[in-house]
Amino acid sequence: MNYLHLVPFRSEHMVLALQLFAAKYESEKNMVPALPPASEMMEVMRPRLAALVEKFPACVAIKNNTVCGYMTGIPDLKRFKGTDNGVFIPEWAHAAAGSDRSAIYSLMYEHLARQWVAAGNYTHAVSVFAHDTELHNYLFRHAFGMEVIDAILCSKPSAVPKIPGLEVIRAQRPKDLAALIQMQYELQQHLALAPIFRLGLQEPVPQSLWENNTHVVMAYYDGCPAGYMMAQMNAEGVAAIVAGTLTLSITGAYVRPQFRKKGIAAALLGKITELGEKQGATRVGVDFESTNNLADGFWLKYFTPVCFSCIRHVDNRGTDNGALVMLPPDEIGQCARRAGQWALQWLGSTEYCGKCLAFVEDALETANQLELFGGDSAAESADIYEAGNVNVMPPPGSLVFYDWEGELNGEIRNWGHVGLAFDKGKVIHAWDKVRIDDYTVISSLAVPPGSSPLRYRGWAPLQRVLLGCQRQQSSKD
Ligand SMILES: CC(C)(COP(=O)(O)OP(=O)(O)OC[C@H]1O[C@@H](n2cnc3c(N)ncnc32)[C@H](O)[C@@H]1OP(=O)(O)O)[C@@H](O)C(=O)NCCC(=O)NCCS
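Residues numbered from 1 in each chain as written. Predicted model: local features only at pLDDT ≥ 70, side-chain atom pairs only at ≥ 80, totals over all residues.

Remarks on the overall build of the protein chain
A tally of helices and strands in the protein chain yields eleven helices and 23 strands. When its C-alpha atoms are laid out on the principal axes, the protein chain stretches across 95 × 55 × 35 Å. Out of the 477 residues in the protein chain, the part that is buried amounts to 40%. Within the protein chain, contacts between residues at least 6 apart in sequence are counted, and of these 73% link residues at least 24 apart. (Helix = DSSP H or I, 4+ residues; strand = E, 2+ residues; numbered from the N terminus. Buried ≥ 20, exposed ≤ 12 C-beta atoms within 10 Å, placed from the backbone. Contact = placed C-beta atoms within 7 Å.)

Structural data, given as structure tokens:
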């Protein structure tokens, strides 16, 4: 097939997907040579991506029979950047190439966003390379805004002028720890206020100031605690491309307001870089909120951005008013399996002839003690569930819809047709009898005289179908 379409991410796509990522990474490294070599990066990313696509929804875009894009994310992050659950798409979990990159991203994001939102993930965050302006534009036009900047040290502070009364030391005394804890609290306050409004950003308080991989440096001005900077080797940053065993990640920095604009943070940076280099660090990374003007002004004097994390909050008023039930993802998978087992018992039976919707609803409801809220006909349910994704094979557990206009109960209209997807595009459905067919051949099944042929309409994920379902009361209740 030479048109652009999506398929589920399978292991045979991994090599080409990583090549797409590697190409984008190389262009970023051309702009920021301080980034780690591509070979080092790919070793880290390969197992991460493999683990992600195995566990979570992931898709691959295909054009001219080759992979031209891929996307996946880490969903179901609790209270992610707000009160809603969300999904995070790391910078290595997506890529696309070609003159129609925006179209590829649109197709992939639309497909996955539908599943993420159906599963209750209303906050979407994505990390992108800092020099990929084409992708920034795409995200800006799709309701994303920048939130976090990951940057890498490219020019060390030049010899800091001697500041009379300033002492910059490695923290090691009990009084250093006391001052550090107080100033960490002041930093939290700063981040919680306008225009940052960043709550719950907790820097790690070192268990001890002598932890092997943590460095804390303190600034005293005329003997008074004036500021600190804290860094860790091999720390988890927002962007994986600035992490790693040889990276010193700055995890906190603060200078009290009355001591600012004297070069104290620059002196702290000089000292902490020196300590990191002695421990073998080959690069220094930092991440900070893009709304933090003071941080932005300071870090960007010395650091070059390599990743932007952008965020979108989906309006969930239509789906999250407390009346709707959203089953957890694990349970949705189990529902599909139980419904499939129930349906198989009817194979060959003519009992559900002309009652395709009743058949799938009975399968889902009886096998799982649930009550669904769909349409009165398969065609109406297809509208309600917004069946689509015609270019992607229906995943197991999804409902697969067709248009079918004919006569039922003396009435001629588009009643539609529906079945329940198994593995590899096989669908169990009640037509002349309960049968299993490939979703692509159902359209060519014989139809009653005078009715229209079956026409494929697409599928709806089970998450969407079960949105708003109610658990049936057991007789014991
Ligand atoms: C970000 C922060 C640590 C910078 O600390 P600082 O000690 O003021 O930083 P410096 O003095 O080294 O540099 C700040 C500015 O003062 C200027 N400066 C330095 N020495 C100066 C001097 N002697 N006279 C006048 N200006 C001077 C620098 O050129 C720099 O200018 P710029 O902002 O126009 O780029 C501080 O503002 C802060 O604590 N902010 C709140 C907490 C925070 O956001 N932390 C970062 C979390 S990621």
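Brief notes about the sheet that holds strand S16 (residues 399-403)
Picture the strands of a sheet paired through backbone hydrogen bonds; they go either parallel or antiparallel. As summarised here, the arrangement of the five strands in space is S21-S20-S19-S16-S22, forming an open sheet in which the pairing is antiparallel. A single partner strand is all that each edge strand has here, and the edge strands are strand S21 (434-438) and strand S22 (455-460). If you compare each strand with its neighbour and ignore which way they point, the axes differ by 30 degrees on average. The pairing of strand S19 (residues 417-421) with strand S20 (residues 426-430) spans three bridges and is antiparallel. Of the residues in S20, the one forming a bridge with Ala421 is Val427. Most of the contacts of helix H9 (residues 356-368) go to S19, to which it runs at about 30 degrees, and overall it touches S16, S19, S20 and S21. (Pairing = 2+ DSSP bridges. Axes fitted to C-alpha atoms, helices over the stretch in contact; angles between N-to-C directions.)

Here we look at the pairing of strand S10 (residues 214-221)
The side chains of a regular strand alternate, residue by residue, between the two faces of the sheet. Counted residue by residue, S10 has six buried out of eight residues, so it is predominantly covered. Sheet topology places strand S9 (residues 166-170) next to S10; five bridges connect them, and they run antiparallel. The partner of Val168 across the bridge, within S10, is Ala219. In this sheet, strand S11 (residues 224-233) lies alongside S10 in antiparallel orientation, the contact comprising eight bridges. Following the sheet pairing, Val216 is matched in S11 by Met230.

Remarks on the environment of His124
By the secondary structure assignment, His124 is in strand S7 (residues 121-129). Taking C-alpha positions, His124 is 29 Å from Phe422, a pair spaced 298 residues apart along the chain. Every residue in contact with His124, bar those within four places of it in the chain, is listed here: Gly86, Val87, Ala113, Trp116, Arg312 and Val314.

Things to note about the site of the ligand
Around the ligand, the surrounding shell holds 19 residues, and the nearest of these are Arg260, Gly263, Ala265, Ala266 and Leu294. Where the shell around the ligand is concerned, the elements lending two or more residues are helix H5 (174-192), strand S12 (247-255), helix H6 (264-278) and helix H7 (293-302). Per-element accounting of the shell around the ligand gives the leading share, five residues, to H7. (Near = placed C-beta within 6 Å.)

Side note on the packing of helix H1 (residues 14-31) against helix H2 (residues 38-55)
Between H1 and H2, the shortest axis-to-axis distance is 10 Å and the interhelical angle comes to 140 degrees. Viewed along their axes, H1 and H2 adopt a mutual orientation that is oblique. Helix-helix and strand crossings are classified by hand; for H1 and H2 the assignment is right-handed. Of the residues in H2, those in contact with Met14, Leu18, Phe21, Ala22, Tyr25, Glu26 and Lys29 of H1 are Ala38, Met41, Met42, Met45, Arg46, Leu49 and Ala50. Taken together, the residues that form the contact of H1 with H2 break down as eleven nonpolar, no polar and three charged. (Parallel < 35°, antiparallel > 145°, perpendicular 65-115°, else oblique. Left-handed = near helix turned anticlockwise from the far one by under 90°. Nonpolar A, V, L, I, M, F, W, Y, C, P; charged D, E, K, R; others polar.)

What about the confidence of the model for the protein chain?
Counting all residues, the mean pLDDT for the protein chain is 90, and 93% of those residues have values of 70 or more. Taken as a whole, residues 320-324 scores under 50 in pLDDT and shows three contacts with residues more than four places along the chain or in a different chain. (pLDDT = per-residue confidence, 0-100.)

Structural notes on unusual backbone geometry
Put simply, Ala194 and Pro195 share a cis peptide bond, and its omega is 0 degrees. As for its placement among the helices and strands, Pro195 is situated in the loop between H5 and S10. Even without being a glycine, Lys261 presents a positive backbone phi close to 60 degrees. One can find Lys261 in the loop between S12 and H6. Note on Lys261: 10 C-beta atoms within 10 Å, which makes it exposed.

Quick word on the sheet that holds S7
Ordered in space as S4-S5-S7-S14-S8-S13-S12-S11-S10-S9, the ten strands form an open sheet in which the pairing is mixed. Every interior strand has two partners, whereas the edge strands, strand S4 (74-77) and S9, have only one. If you compare each strand with its neighbour and ignore which way they point, the axes differ by 20 degrees on average. Pairing of S7 with strand S14 (residues 303-313), which is carried by seven bridges, proceeds in the antiparallel orientation. In the strand pairing of S14, Thr123 is matched with His313. Across the sheet, H7 is in contact with strand S8 (145-153), strand S13 (283-289) and S14; its angle to S13 comes to roughly 160 degrees.

Focus: the domain arrangement of the protein chain
When the domains of the protein chain are assigned, the result is domain 1 (5-142), domain 2 (166-302) and domain 3 (329-471). Of note, the centres of domain 1 and domain 2, computed from C-alpha atoms alone, are 30 Å apart. Residue-level contacts link nine residues of domain 1 with six residues of domain 2. Classifying every residue of the side of domain 1 that touches domain 2 by side-chain character gives seven nonpolar, one polar and one charged. (Domains from an automatic or database assignment.)

A look at the packing of helix H8 (residues 329-344) against H9
Close contact between H8 and H9 brings their axes to 8 Å; oriented N to C, the two are set at 110 degrees. Between H8 and H9, the crossing angle belongs to the class labelled roughly perpendicular. The two elements H8 and H9 cross, and the hand of that crossing is right-handed. In this structure, H8 uses Cys335, Arg338, Ala339, Gln341, Trp342 and Ala343 to contact H9, whose residues at the interface are Ala363, Leu364, Thr366, Ala367 and Asn368. Residues that form the contact of H8 with H9 fall into these classes: seven nonpolar, three polar and one charged.

A look at the environment of Arg198
With respect to the helices and strands, Arg198 occurs in the loop between H5 and S10. For Arg198, a count of 18 C-beta atoms within 10 Å translates into the label partly exposed. Through-space distance from the C-alpha of Arg198 to that of Pro305 is 20 Å; in sequence the pair is 107 residues apart. Not counting residues up to four positions away in its chain, the partners in contact with Arg198 are Leu191, Ala192 and Glu289.

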